[in-house]
Amino acid sequence: MGQWNVLYDMYERRLKAELSDAAVPKHIGVILDGNRRWAKSLGATASQGHRAGAGKIAEFLDWSEDAGVSIVTLWLLSTDNLARDEGELGELLRIICEAVSLLADQGRWKLAVVGDLALLPEQVSEDLRASVARTASVQGMTVNVAVGYGGRHEITEAVRAMMHEASAKGLTLDELADSFTDADITAHVYTKDQPDPDLVIRTSGEQRLSGFMLWQSVHSEYYFCEVYWPDFRRVDFLRALRSYAQRERRMGK
């Protein structure tokens, strides 16, 4: 085991050296997938898997901060997840609230909620807002916590907000349709004041976005990792950064 640790450390140092002069993504989106399958593989409960996954978050943020990343968006709960068994969902929401509160307690990262809090129980929404408020003056890396988030739902909400604004200005539907551009939706998505993600990482071996940041990821690079989220290591993160750095980003040009 000791020899393996030495080899692992050597490989990690080599990866970091390769990245020393490489481009670093400013915004990374992460689909934290595989908590339940990780637990099942060990004969543990889904709740234990969720707690193990929550325990990995601060570690990942440390790595991101060390690499020079400015924004991290963590997808913790999708709109689809809201249809899960009531008992599992309730426990998962408690774990998420605890995890976000612990992140706020560190005072290192500026937190923001990305999602529709109206879809969540009132107490959960209040707890998340309170955690975010405690970091309002923090100048560190921005961490978006995606809870009650779905890409289609986000776009629907953006269009609805845009229509309400147009109505308040006295515009007709025809006038709105004639002036409508993609910039109008961009101005109403949850991350409207932030750059789009440069890199999206998904763990667990699944190779799909499942609705994550559909509008914002049009020019993102994707990295799919086989390991379940609780087993995600720094070396996996560095491999993702290396993969990103090796790609030629033409942005459609």
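Residues numbered from 1 in each chain as written. Predicted model: local features only at pLDDT ≥ 70, side-chain atom pairs only at ≥ 80, totals over all residues. Heavy atoms only, no water.

1. What to know about helix α9 (residues 234-245)
Here comes step 1: With 12 residues, α9 should reach 16 Å at 1.5 Å per residue; the first-to-last C-alpha distance of 16 Å fits that figure.
Here comes step 2: Residues of α9 that are buried: Val235, Asp236, Phe237, Leu238, Ala240, Leu241, Ser243 and Tyr244. (Helix = DSSP H or I, 4+ residues; strand = E, 2+ residues; numbered from the N terminus. Expected span 1.5 Å × (residues − 1). Buried < 20%, exposed > 50% of the residue type's maximum accessible area, 1.4 Å probe, protein only.)

2. Let's talk about the sheet that holds strand β2 (residues 71-78)
Two pairing modes exist for strands in a sheet, parallel and antiparallel, and in both the strands are linked by backbone hydrogen bonds.
Here comes step 1: A sheet is described by the order of its strands in space; here six strands give the open sequence β3-β4-β2-β1-β5-β6, paired in parallel fashion. Edge strands, defined here as strands with exactly one partner in the open sheet, are β3 (110-114) and β6 (221-224). Neighbouring strand axes in the sheet, compared pairwise and without regard to direction, differ in orientation by 20° on average.
Here comes step 2: Of the pairings in the sheet, the one linking strand β1 (residues 27-31) to β2 comprises five bridges and is parallel in character. Residue pairing for β2: Ile31 is matched across the bridge by Trp75. (Pairing = 2+ DSSP bridges. Axes fitted to C-alpha atoms, helices over the stretch in contact; angles between N-to-C directions.)

3. So, the pattern of salt bridges
Here comes step 1: Evaluation of the coordinates by the stated rule reveals 18 salt bridges.
Here comes step 2: A salt bridge links Glu206 to Arg37; its shortest N-O distance comes to 3.2 Å. With Glu206 in the loop between β5 (199-202) and β6 and Arg37 in helix α2 (residues 35-41), the pair connects residues that are 169 residues apart, well separated along the chain.
Here comes step 3: On the accessibility criterion, Glu206 (22% relative accessible area) is partly exposed.
Here comes step 4: By relative accessible area, which is 30% here, Arg37 ends up partly exposed.
Here comes step 5: Among the salt bridges present, the one from Glu59 reaches Lys56, with a minimum N-O distance of 3.2 Å. Residue Glu59 and its partner Lys56 are both found in helix α3 (residues 46-67); the two are separated by three residues, about one turn of the helix.
Here comes step 6: The class of Lys56 is buried, set by a relative accessible area of 10%.
Here comes step 7: Among the charged side chains, a salt-bridge network with shared partners connects Asp33, Arg37, Arg202, Glu206 and Arg208. (Salt bridge = Lys/Arg side-chain N within 4 Å of Asp/Glu carboxyl O.)

4. Examining the nonpolar core
Across soluble globular proteins, nonpolar side chains show a tendency to be buried alongside one another.
Here comes step 1: Counting residues in hydrophobic clusters, the biggest one holds 42 residues, and the most contacted among them are Phe60, Leu61 and Leu74.
Here comes step 2: Secondary structure elements with two or more residues in this core: β1, α3, β2, α4 (86-106), α5 (122-133), β4 (142-149), β5 and α9.
Here comes step 3: No other element matches the eight residues that α4 contributes to this core.
Here comes step 4: Leaving out residues up to four positions away in the same chain, Phe60 has contacts with Ile28, Val30, Val72, Leu74, Ile201, Trp229, Phe232 and Phe237.
Here comes step 5: Grouped together as the second largest cluster of nonpolar side chains are nine residues, Ala146, Leu209, Phe212 and Met213 included. (Core = buried A, V, L, I, M, F, W, Y, C linked by side-chain atoms within 4.5 Å. Contact = heavy atoms within 4.5 Å.)

5. A look at the packing of α3 against α4
Helices that pack against each other are described as a pair by the angle of their axes relative to one another and the distance between those axes.
Here comes step 1: Taken N-terminus to C-terminus, the directions of α3 and α4 make an angle of 20°; their axes are 10 Å apart at the nearest point. What the angle tells us is that α3 and α4 run roughly parallel. In the packing of α3 onto α4, the handedness of the crossing is right-handed. Taking contact as the criterion, the partners of Ala46, Ser47, His50, Arg51, Ala54, Ile57, Ala58 and Leu61 in α3 are, on α4, Glu88, Glu91, Leu92, Ile95, Glu98, Ala99, Leu103 and Gln106.
Here comes step 2: Across the contact of α3 with α4, the residue classes break down as nine nonpolar, three polar and four charged. (Parallel < 35°, antiparallel > 145°, perpendicular 65-115°, else oblique. Left-handed = near helix turned anticlockwise from the far one by under 90°. Nonpolar A, V, L, I, M, F, W, Y, C, P; charged D, E, K, R; others polar.)

6. Observations concerning the packing of aromatic side chains
Here comes step 1: What the rule picks out here adds up to 12 aromatic pairs.
Here comes step 2: Ring geometry for Phe60 versus Phe232: centroids 6.0 Å apart, planes at 50°, classification tilted. Of this pair, Phe60 sits in helix α3 while Phe232 sits in the loop between β6 and α9; the two residues are 172 residues apart in sequence, bridging distant segments of the chain.
Here comes step 3: Accessibility expressed as a relative area gives 0% for Phe60, which makes it buried.
Here comes step 4: Note on Tyr149 and Tyr190: the rings are 5.9 Å apart at their centroids and 65° apart in plane angle, and the pair reads as edge-to-face. Taken together, the residues span a long stretch of sequence, with Tyr149 in strand β4 and Tyr190 in the loop between α8 (182-186) and β5 at a distance of 41 residues.
Here comes step 5: For Tyr149, a relative accessible area of 1% puts it in the buried group. (Phe/Tyr/Trp six-rings, centres within 6.5 Å; stacked < 30°, edge-to-face > 60°.)

Nothing here speaks to function; it is all geometry.
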